[in-house]
Structures are given as structure tokens and as C-alpha cells.
Amino acid sequence: MSEFDVVIIGSGLGGLCCGSILSLKGYRVLICEAHSQPGGVAHSFSKDGYTFESGPSLWSGINNQKIDNPLGHILRLLKEEVPVAKYKDWEVIFPESRFRLEVGEVPFRKKIKELRGEISLKEWEAFLAEVKPVSNLVKKMPLLTSSPLNLDFFDTLKIAGKLLPDLKQISKLRKGFGYIADKNLHDQFLRNWVDLLSFLISGMPMHDTNTAAMATLFEEWFNPESYLEYPLGGSESIVNALVRGLEKNGGELICSSRVKKILFKNKIASGVKLENGKEFNAKFVVMNCDTWNITKLIPSKLLADWQKKTKSIPKCNSFLHIHLGFDATNLIDLPIHTIWVDNWERGITADRNVAVFSIPTVLDPTMAPKNKHVLHGYTPANEPWEIWENIDYRSKEYEDIKEARCSIFIHALKNIIPDIEKRIEVKMLGTPLTHQFFTNTENGSYGPAISASDTLFPGCKTPIKNLFTCGASTFPGIGVPAVAASGAYAAEAILGKKEYKQLFK
């Protein structure tokens with residue numbers, strides 16, 4: 001049996017961030033990954049010369065130090081640089097309009113005036129005027145400083161003193177972002193826009209989406225100096241940088257190593273046992289898996305009320321995916337990203353009503369053969385699991401339903417590339433069953449559907465001593481910045497506040 005200070009179950013971005021920080025501080029870290037490659041949802045794969053993306057497609061703050069992105073801070077802490085391509089615009093296809101939109105406040109103001117007129121523009125200005133102080137408040141509490149859930153009495157006093165001028169804004173953080181929209185926005189186009197952005201961030205409508213997360217997004221995207229970044233080589237480049245940060249400081253990663261159960265000694269986490277029978281001792285165990293799979297790793301006698309609470313947490317819906325390799329001949333000025341909405345009246349969370357497309361070869365031609373493009377499309381957290389749960393993925397019924405459900409992608413793509421069907425050379429479709437299999441997420445879910453108007457996501461600490469969690473099921477929630485921060489919070493809980501603060505000072 002091998003001995004480690006920390007064993008981490010799962011190599012998603014949260015687990016990799018946690019492990020790399022701990023290894024930097026001299027901890028002996030082992031990360032056990034069930035899949036054949038690291039990264040969790042954020043990984044790439046190759047077929048016929050194409051490099052396909054499967055996870056996050058919108059990135060910012062990797063190298064841009066003006067943006068308070070936890071992932072970017074951690075990469076700099078590890079002294080790991082990821083080459084990026086900078087860009088500013090993306091395509092929007094709505095029922096009432098289609099346009100190319102740049103990040104920054106001015107381009108969208110111009111578009112509002114053009115599409116909706118002066119009255120709507122004034123509404124938007126009033127809305128931003130209320131968001132701005134909240135953004136300023138959030139900037140005073142950078143995500144990596146310390147988890148609010150880990151604060152002691154003296155930390156709380158210090159922060160309270162710093163935030164005294166912002167007491168009026170603090171109450172807004174305890175409400176969903178729709179509260180600010182309701183006060184200021186009456187124009188339906190603008191309300192739909194905020195609802196869409198909220199849904200893309202959290203998998204939920206604006207009234208259920210965290211106000212702090214959205215205030216941060218607006219601060220980043222509507223800053224005149226802001227820009228988006230695409231990591232050259234795809235999300236695999238981010239994952240590889242974190243793995244390098246782990247391994248150069250003595251940490252270890254083993255793939256194709258599914259954890260069967262967590263080991264305990266006197267009700268204290270003491271290691272893990274893999275499905276192949278191998279056991280590893282550890283002083284601490286960190287679970288980088290979703291909240292529903294966590295309970296399968298722990299004996300029921302230790303779970304008690306914790307397990308009941310977990311079962312009651314609602315899930316976001318899942319995804320449909322399409323991966324295409326296609327001929328790029330005579331295709332000029334393609335958008336790297338496109339967001340397509342079919343019908344606002346159906347509601348932003350309606351199945352197959354929203355699709356997101358990414359063509360990374362617009363910025364990084366090395367991801368496809370010469371004169372070819374690669375595309376990843378997905379329906380963001382709006383595909384019901386119930387359609388798929390009783391279907392055998394090896395059956396003709398599965399193939400037929402998959403083809404029918406994923407036809408929405410070709411329908412939407414014809415708005416960008418009218419002859420896309422003739423150009424396709426490689427085509428792969430994915431369903432919630434695919435998502436569940438490759439990412440080991442319950443029902444292929446995006447994560448917990450915890451409304452910001454009700455409560456926060458659970459923190460990294462558990463009722464069991466020396467057992468911690470990180471990832472999209474923990475505070476501060478879903479999305480790349482959130483999961484990176486959650487990994488840092490788990491590391492903080494193990495390191496202790498003093499060492500953690502010195503590290504990130």
C-alpha cells in the first residue's frame with residue numbers, strides 16, 4: 001500500500017487545481033482518474049487528424065491579468081504559461097435579429113440603440129448602473145483570497161470593515177440576478193438577453209443565477225479593455241499545464257484508475273481503494289466528483305443526514321453534443337463562437353431551444369488538417385435525462401433517437417454555413433448517456449440546480465474528518481472560474497489559512 005499526504009478522486013479542473021497547489025507546498029499528492037485521460041469535462045480527443053473539444057469553449061483571464069480569474073492566478077502561481085489567441089467577437093442568432101457582437105460596453109450599447117431605440121438603451125444604462133456597484137463589491141472579495149465558507153471570526157471582522165461602504169449592495173448578493181433585471185429592464189429583448197447569459201453561466205434562469213457570478217461576468221465582458229482568450233491546442237492545453245504544475249512538484253496522476261471506495265479509520269478518511277484492488281493511504285482525501293456520486297464512495301453508516309440532503313438536491317439537465325470535421329473551402333470570416341436561440345416564448349431552459357457552437361480552427365488551424373475546420377456544438381443544460389434513461393445505447397432505437405434529437409444542430413448551423421451537410425467529413429453525436437459515461441456525472445447533468453435565491457452551494461468541507469470536496473457541485477458553483485476556485489478552497493482547508501494566505505499574497 002502506497003502512502004500519500006493527499007489523494008484526490010477525479011482530475012477535473014477543480015481536482016487538478018487543488019492537487020497542483022498542494023504539491024507546490026510540498027504535499028505528496030496522488031490524483032486518481034477513472035477516465036483514460038485527465039481533465040474531466042474539459043478534455044480534447046483526436047480522430048482522423050482532427051482535435052475535438054468536449055467541454056468549455058469560452059475562456060478569459062488565462063493570461064489577461066486585469067481579469068480576476070482564479071484559473072489564471074493558479075497557472076501563474078505554478079509558473080505555467082498557456083499560449084492563447086485573443087479575440088473580441090462572437091455571433092448571435094436570435095429570432096428577431098442576427099449580429100456579430102464584440103465584448104465591451106460600447107458595441108452592445110450601439111446594438112441596443114439600433115435594434116430597440118433610445119428608451120431601451122436608457123433601461124440598459126440604468127441596469128448597468130445598478131450592476132456596477134455590485135461588481136465593485138465583488139472585486140473587493142477576489143475569489144482566491146479565501147472561501148467565505150472558511151472564514152473565522154477575525155477574518156469576518158476584517159472583511160466587514162472593508163465592506164462597510166457597500167452594505168446596501170451586500171443584500172443584493174443574497175438574491176438571484178433576476179432581481180436587478182426586474183427593477184430596471186422592461187424591454188423583452190434585454191430581459192431575454194440577461195436570461196440567456198445567466199443560463200449559459202449556471203444552467204438556470206436569471207432569477208436562480210448567482211448575482212456575484214453575473215456581476216463578475218458583466219465586469220469582465222463590458223470592460224473596454226476586455227477580450228476573450230482561446231488556449232491554443234484547446235482545453236487540453238489548460239489541463240496539460242495543470243498536470244505539469246502537479247508533476248514538477250512531485251505530485252502523481254494515474255488514469256484508468258477508478259476509485260471503488262474511500263477508506264476510513266475510526267470514522268476518519270484514511271485513503272482509497274481502486275476497482276483493481278490497489279489501496280492508497282492518505283492523511284486527507286478530496287473528492288472531485290459530483291454530489292450524487294460522492295455518496296456511492298462512502299459507507300452508508302457514515303452518511304446519515306448528509307446522504308438524505310444530497311438526494312434532495314435538484315439537477316440541471318444534460319447535453320446533446322455534435323462534433324464535426326468539415327471542408328473549409330471558400331468559408332471566409334466564420335465566427336469562432338455562435339449562440340443560437342430558436343424561440344424566446346418557449347423559455348430559455350426549454351429543450352433544444354438554445355445551441356452553442358465553437359469553431360476553434362478559426363483561431364488555431366493546427367487542430368484540423370489543412371483547409372479543414374473542426375466544430376463542437378452543444379445544447380447547454382437543456383436536454384432532459386428522462387428521454388434517455390431507459391434506452392440501451394447499443395440499440396437501433398438509441399441511434400435513431402440520437403440522430404433525430406441532434407438534427408437541431410444541422411438546422412441551426414445552416415444559418416452560418418448553408419451547405420454544411422455537403423462539407424462534413426467526420427461527424428460524431430453525443431447524448432446525456434455519452435456525457436454521463438465520459439465525464440462520470442450522474443445523469444450527465446451540468447451540476448446542482450441550486451437557486452441563488454435559496455442558498456449557496458455546499459462548501460468543500462464534509463461532516464467526515466479529513467474528507468473534502470471540490471468541483472462543480474461545491475461553492476462557488478458551476479463554470480471554469482468557480483471550479484478552479486473550489487479546488488483552491490479545498491487546498492486551503494488542508495493547508496490552513498496561514499500557509500494559504502502566504503501562498504496567494
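Residues numbered from 1 in each chain as written. Predicted model: local features only at pLDDT ≥ 70, side-chain atom pairs only at ≥ 80, totals over all residues. Heavy atoms only, no water.

Caption draft 1: Looking closely at the overall build of the chain. Scanning the chain from N- to C-terminus turns up 18 helices and 18 strands. For 505 residues, the compact-globule estimate of 2.2 N^0.38 gives 23 Å, and the C-alpha radius of gyration of the chain, at 22 Å, lies within 12% of that figure. In terms of overall dimensions, the chain has a C-alpha envelope of 65 × 60 × 40 Å along the principal axes. Scored against the burial criterion, the 505 residues of the chain give a buried share of 57%. Counting only contacts in the chain whose residues sit at least 6 apart along the sequence, the fraction spanning at least 24 positions is 72%. (Helix = DSSP H or I, 4+ residues; strand = E, 2+ residues; numbered from the N terminus. Rg over C-alpha atoms; globule rule 2.2 N^0.38 Å. Buried < 20%, exposed > 50% of the residue type's maximum accessible area, 1.4 Å probe, protein only. Contact = heavy atoms within 4.5 Å.)

Caption draft 2: Region of the structure containing the packing of aromatic side chains. Scanning the entire structure with this criterion turns up 22 aromatic pairs. Taken together, a centroid distance of 6.0 Å and an interplanar angle of 65 degrees make the contact between Phe 4 and Phe 280 edge-to-face. With Phe 4 in strand β1 (residues 2-9) and Phe 280 in strand β12 (residues 279-287), this residue pair connects regions lying 276 residues apart in the sequence. Using a relative accessible area of 9% as the deciding quantity, one classes Phe 4 as buried. Phe 280 gets classed as buried once you look at its relative accessible area, which sits at 8%. Ring centres of Phe 284 and Phe 468 lie 6.3 Å apart, and the angle between their planes is 45 degrees; this geometry places the pair in the tilted category. Of this pair, Phe 284 sits in strand β12 while Phe 468 sits in strand β18 (residues 467-469), and the two are 184 residues apart along the sequence. Summarising the burial analysis for this pair, Phe 284 and Phe 468 share the class buried. (Phe/Tyr/Trp six-rings, centres within 6.5 Å; stacked < 30°, edge-to-face > 60°.)

Caption draft 3: Representation of empty space enclosed by the protein within the structure. Scanning all chains against the criterion turns up two cavities of 30 Å³ or more. In this model, the largest cavity occupies a volume close to 50 Å³. Residue lining of the largest cavity: Trp 90, Leu 101, Glu 102, Val 103, Gly 104, Phe 108, Trp 193, Trp 221 and Phe 222, and that is the complete set. A class-by-class count of the residues in the lining of the largest cavity yields seven nonpolar, one polar and one charged. (1 Å grid on protein atoms, 1.4 Å probe; cavity = no way out; pocket = protein on both sides within 12 Å on 5 of 7 lines; lining within 4 Å. Points joined across faces, edges and corners; volume = space filled by probe spheres on them. Nonpolar A, V, L, I, M, F, W, Y, C, P; charged D, E, K, R; others polar.)

Caption draft 4: Geometry of the side chain of Thr 441. Assignment of secondary structure puts Thr 441 in the loop between α16 (432-439) and β18. Among the polar contacts listed, one links the side chain of Thr 441 to the side chain of Thr 439, at a separation of 2.9 Å. (Polar contact = N/O pair within 3.5 Å; in protein donor to acceptor, adjacent residues only side chain to side chain.)

The values reported here are purely geometric and, on their own, carry no functional implication.
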